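Now for the letters of each chain:
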Amino acid sequence: MTLLSVRGIGKRFGGLQAVNDLSFDVAAGSIKALIGPNGAGKTTIFNLVSGFLHPDNGVIVFGGAEIQALSSCEVAVRGMVRTFQHIRLFPRMTVLENILVGRHVHSRAGFLAGMLSLPFTWKEERRIREKSFEIMEMLGIAGHAGTEATSLAYGQQRVVEIGRALACEPKLLLLDEPAAGLNMRETIEMGALISRIRDMGVTVLLVEHDMSLVMKISDEVVVVSYGEKIAEDRPLAIQKNREVIRVYLGDDEC
Amino acid sequence: MVRRHFPVAAFAGLIVAIQLATLFTGTPYYLTQLTMTAYYSLVVVGLCMLIGYAGQISLGHAGFFAIGGYVSAFLTTFDLQHHRGAFVSLLEKSGALVFRHDVYGGSLLTVHPWLACAAAILLTVAVAYLVGGPVLKLKGHYLAMATLGIGIIVYRIVLGTEFLGAADGISEVPGFPLPGGLLITGNASSRVSNYYLAWGIVILGMVLLLNLIRSRVGRALAAVHGAEDAAEAMGIPTARYKLHTFVLSAVFAAVAGVLLTHYNAGIGPSEAGVMKSVRYVAIVAIGGMANLWGALSMSLVLNYLSLRGYFGTYDDAVFGVILILIMLFAPDGLLRRHLLSDLKRMVSRNPAEEETP
């Protein structure tokens with residue numbers, strides 16, 4: 001079953017055609033990787049899919065509905081949550097508070113209920129906390145619950161950011177370079193974590209430069225170059241694809 | 001739970017202590033300015049919520065204060081006896097109008113203060129939504145300038161409108177009746193009850209805001225303030241949350257405007273002036289931006305000193321200077337959160353301790 005279907009999307013910035021007639025599908029319960037050389041348009045594609053940018057043309061279908069015109073907030077409410085290439089944790093908030101924010105779409109206390117501190121909000125807060133601690137324990141960061149999130153080591157901040165996204169209970173998790181800035185051991189742990197998240201039933205779409213990670217965990221890989229798709233296949237086949245090798249290593253190497 | 005309610009109880013204790021002090025020193029007339037200070041403080045804490053927690057500035061809150069005050073003043077002083085039509089009769093039958101005597105003994109038929117207050121709040125909400133929607137899309141200096149515009153528009157309208165009293169404003173506004181026979185009025189005989197009423201309303205407003213900060217919405221606002229794109233990616237409708245906070249703080253200003261106008265028995269165009277708005281922002285800034293208690297205590301001190309005339313003709317200049325000094329030397333405010341721990345770190349000689357945040 002297809003969870004996300006990108007059909008012929010394009011995006012132009014002034015004279016630059018950043019994304020051109022790009023199509024790919026993400027099957028529910030799979031890990032799909034989006035790779036390509038620097039400047040290939042991967043982050044733009046991510047922003048288009050997650051509603052931070054809107055495509056000039058083409059259609060994006062998520063969970064059976066067209067979402068290309070929705071805002072990033074509406075996309076999140078529908079169950080697609082992203083992380084950022086440059087970690088975007090909430091400053092001056094603890095790890096716990098960061099994760100609590102992730103429960104936003106699964107709670108409903110508004111301005112009035114909050115000001116009057118209505119009894120239903122207390123129960124709701126308790127449930128939000130329980131769920132958040134569950135997530136922190138699963139990720140092994142419960143010990144840092146009271147620590148200011150931005151003061152943690154870089155690798156742990158990435159885990160917190162993923163935890164915050166998981167708190168939204170997304171159907172599709174978009175990870176923008178989850179291994180960027182991580183050392184080798186942390187990268188291996190990150191790979192294991194992403195596989196575990198997939199096994200929990202969350203579909204994953206990731207942009208990543210670390211090829212060993214991509215080839216190890218992905219079910220399928222899409223390769224883009226200059227905003228166009230040049231290959232889409234299983235990792236082993238991608239590694240042998242002549243076009244992909246040419247794009248990455250240049251003509252002479254063939 | 002105890003820790004949460006302690007500051008509220010301590011502040012209530014301070015209010016009682018101040019009243020007792022005026023009683024024992026035989027200076028009950030101080031209570032008049034202290035009561036006015038309370039209503040101005042209501043504007044300040046509402047604005048603190050907007051600036052400190054939603055991260056949006058407004059240099060137009062005196063405008064919302066004036067909308068509240070003027071609507072209520074106009075409706076409760078405008079004599080409807082000579083405008084009897086179907087609508088006025090309907091209002092009269094439904095008990096929304098009151099007959100009363102003016103100071104010269106003549107009779108007046110005016111709108112009931114409660115209905116006038118409701119109308120004032122409704123108009124403020126409408127204006128805040130209409131203006132806030134487009135204006136809050138702006139950031140930083142642009143937002144400051146646009147909100148400055150709101151204040152100036154309200155100021156020029158009340159100054160240039162004949163039936164709002166133009167430069168003289170509206171006077172002879174009646175007291176505001178409350179259940180239990182209480183009346184918000186500036187009469188010396190009800191000085192003490194009005195002092196407690198006003199500060200009771202401020203404390204109620206504080207409790208509402210403190211609850212909000214600790215709620216899901218408060219957490220979302222902190223997230224928006226910290227990293228707007230990430231908050232948006234978590235499904236928080238950032239624009240709507242900012243707008244709602246803007247409207248909420250405008251309502252705080254309007255309620256303060258209504259009540260102070262009934263207390264003072266009148267309102268003038270200077271209440272809508274730009275310097276009033278600047279003053280509110282200066283007090284929030286010195287109080288520590290995201291610190292409701294800091295803003296409230298600074299408001300208590302500075303508004304009181306100003307109302308007692310300690311700053312003389314330099315009144316506005318004092319607040320201008322305060323704003324400049326705070327921005328230069330303590331942009332997080334004097335009474336910012338974590339102030340105590342920061343001071344401890346500065347005082348401690350142990351360099352190892354200095355590194356742990």
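Everything that follows concerns the structure shown earlier in this document.
Participant: Explain the overall build of chain A here, please?
Facilitator: For chain A, the helix and strand inventory stands at ten helices and ten strands. Along the longest, intermediate and shortest principal axes, the C-alpha atoms of chain A span 65 × 40 × 35 Å. For chain A, the residues scored as buried account for 53% of the 254 residues in total. Taking the intrachain contacts of chain A between residues at least 6 apart in sequence as the baseline, contacts between residues at least 24 apart amount to 66%. Taken as a whole, chain A presents about 11,400 Å² of accessible surface, with 51% of it coming from carbon and sulfur. Charged side chains of chain A number 28 positive and 30 negative; the gap between the two group centres comes to 5 Å.

Participant: Help me understand the packing of aromatic side chains, please; the structure alone is not making it clear to me.
Facilitator: Centre-to-centre distance and the angle between the planes together describe a pair of aromatic rings. Throughout the structure, instances matching the rule amount to 15 aromatic pairs over all chains. Considering the side-chain rings of Y40 of chain B and F65 of chain B, the 5.7 Å spacing of their centres and the 20° angle between planes classify their relative orientation as stacked. With Y40 of chain B in helix 2 (residues 30-53) and F65 of chain B in helix 3 (residues 61-77), this pair connects stretches of sequence that are 25 residues apart. Look at Y40 of chain B and you get buried, because its relative accessible area is 4%. By relative accessible area, F65 of chain B is classed as buried at 1%. Taken together, the aromatic side chains of F11, W199 and W293 of chain B make up a single cluster linked through ring pairs. The positively charged end of R82 of chain A is found above the aromatic ring belonging to F84 of chain A, 4.5 Å away from the centroid.

Participant: Would you explain the pairing of strand 7 (residues 172-176) of chain A in this entry?
Facilitator: Regular strands place their side chains on alternate faces of the sheet. Residues and elements named next belong to chain A. Most of strand 7 is tucked away, with five of its five residues classed as buried. Going residue by residue along strand 7, you find L172, L174 and D176 tucked away on one face and L173 and L175 tucked away on the opposite face as well. Two strands pair when backbone bridges link them, and strand 6 (residues 80-82) and strand 7 are joined in this way by three bridges, in the parallel orientation. The partner of M80 across the bridge, within strand 7, is L172. Handedness of the strand 7-helix 7 (residues 184-199)-strand 8 (residues 203-207) crossover: right-handed.

Participant: Help me out: how do you make sense of the pattern of salt bridges in this one?
Facilitator: For side chains of opposite charge, pairing can occur when their charged atoms come near one another. For the structure on display, the rule yields 19 salt bridges over all chains. Note that K131 of chain A is salt-bridged to E134 of chain A, the shortest N-O span being 3.5 Å. One end of the pair is K131 of chain A and the other is E134 of chain A, both in helix 5 (residues 119-139) and three residues apart, which spans about a single turn. Notably, a salt bridge pairs D315 of chain B with R279 of chain B, separated by 2.6 Å at the nearest N-O pair. Here the residue D315 of chain B occupies a position in helix 13 (residues 315-329), and R279 of chain B occupies one in helix 11 (residues 274-287), the gap between them amounting to 36 residues. Each of K32, E220, K229 and E232 of chain A takes part in a single network of salt bridges with overlapping partners.

Participant: How should I be thinking about the interface of chain A and chain B in this particular structure?
Facilitator: Many authors give the size of an interface as the accessible area that is lost as the parts come together. Chain A puts 35 residues into the contact, and the matching count from chain B is 26 residues. Summing both partners gives a buried area of about 2,600 Å² for chain A against chain B, and 68% of it is carried by carbon and sulfur. Looking only at chain A, the three residues that lose the most surface to chain B are H104, F111 and M115 of chain A, adding up to 31% of its buried area. Summed over the shared surface of chain A and chain B, the number is two salt bridges. Note that R219 of chain B and E125 of chain A form a salt bridge whose closest N and O atoms lie 2.9 Å from each other. Our enumeration of links across chain A and chain B arrives at seven residue pairs in polar contact (both at pLDDT 80 or more). Counting residues per element, the ones that place at least two in the side of chain A that touches chain B are helix 2 (72-77), strand 6, helix 3 (95-102), helix 4 (111-116), helix 5 and helix 6 (154-167) of chain A. Its residues placed into classes, the side of chain A that touches chain B shows 20 nonpolar, eight polar and seven charged.

Participant: Got a minute to help me understand the packing of helix 11 of chain B against helix 12 (residues 292-307) of chain B in this structure?
Facilitator: The relative placement of two packed helices comes down to the angle between their axes together with the axis-to-axis distance. Residues and elements named next belong to chain B. Close contact between helix 11 and helix 12 brings their axes to 8 Å; oriented N to C, the two are set at 130°. Considering their axes alone, helix 11 and helix 12 lie oblique with respect to each other. Relative to helix 12, the crossing made by helix 11 is right-handed. Seen from helix 11, the contacting residues are R279, I283, V284, I286 and G287; seen from helix 12, they are G294, A295, M298, S299, L302, N303 and S306.

Participant: When you look at the sheet that holds strand 9 (residues 220-225) of chain A in this model, what are you seeing that I'm missing?
Facilitator: Pairing between the strands of a sheet is mediated by backbone hydrogen bonds and can be parallel or antiparallel. Residue and element names in this part refer to chain A. Taken together, the six strands give an open sheet; going across it, the order is 6-7-8-3-9-10, and neighbouring strands pair in mixed fashion. Every other strand in the sheet has two partners, leaving strand 6 and strand 10 (228-233) as the edge strands with one partner each. Here the average twist between neighbouring strands, direction ignored, is 20°. Where strand 3 (residues 31-35) lies against strand 8, four bridges are found, and the strand directions are parallel. Bridge assignment links L34 to a residue of strand 8, and that residue is V207. The sheet strands contacting helix 1 (residues 42-49) are strand 3, strand 6, strand 7, strand 8 and strand 9, and the helix crosses strand 7 at an angle near 150°. Together, strand 3, strand 7 and strand 8 form the strand contacts of helix 7, whose direction differs from that of strand 3 by roughly 135°.

Participant: Explain unusual backbone geometry here, please?
Facilitator: A negative phi holds for most residues other than glycine; trans holds for most peptide bonds. Residues and elements named next belong to chain A. Of note, D21 is a non-glycine position whose phi angle comes to about 45°, a positive value. Looking at the secondary structure, you find D21 in strand 2 (residues 16-27). Judged by relative accessible area, D21 falls into the exposed class, the value being 55%. Although it is not a glycine, E177 adopts a positive phi angle of roughly 50°. Inspection of the secondary structure puts E177 in the loop between strand 7 and helix 7.

Reading the values: rules and limits
- Residues numbered from 1 in each chain as written.
- Chains lettered and ligands numbered in written order.
- Predicted model: local features only at pLDDT ≥ 70, side-chain atom pairs only at ≥ 80, totals over all residues.
- Heavy atoms only, no water.
- Helix = DSSP H or I, 4+ residues; strand = E, 2+ residues; numbered from the N terminus.
- Buried < 20%, exposed > 50% of the residue type's maximum accessible area, 1.4 Å probe, protein only.
- Contact = heavy atoms within 4.5 Å.
- Areas by Shrake-Rupley, 256 points an atom, 1.4 Å probe, with all protein chains shown as cover.
- Lys, Arg positive; Asp, Glu negative; His and termini not counted.
- Charge placed at Lys NZ, Arg CZ, Asp CG, Glu CD.
- Phe/Tyr/Trp six-rings, centres within 6.5 Å; stacked < 30°, edge-to-face > 60°.
- Lys NZ or Arg CZ within 6 Å of the ring centre and 35° of its normal.
- Pairing = 2+ DSSP bridges.
- Right-handed = clockwise from strand over helix to strand, strands pointing away.
- Salt bridge = Lys/Arg side-chain N within 4 Å of Asp/Glu carboxyl O.
- Buried area = accessible area lost by both parts, 1.4 Å probe.
- Polar contact = N/O pair within 3.5 Å; in protein donor to acceptor, adjacent residues only side chain to side chain.
- Nonpolar A, V, L, I, M, F, W, Y, C, P; charged D, E, K, R; others polar.
- Axes fitted to C-alpha atoms, helices over the stretch in contact; angles between N-to-C directions.
- Parallel < 35°, antiparallel > 145°, perpendicular 65-115°, else oblique.
- Left-handed = near helix turned anticlockwise from the far one by under 90°.

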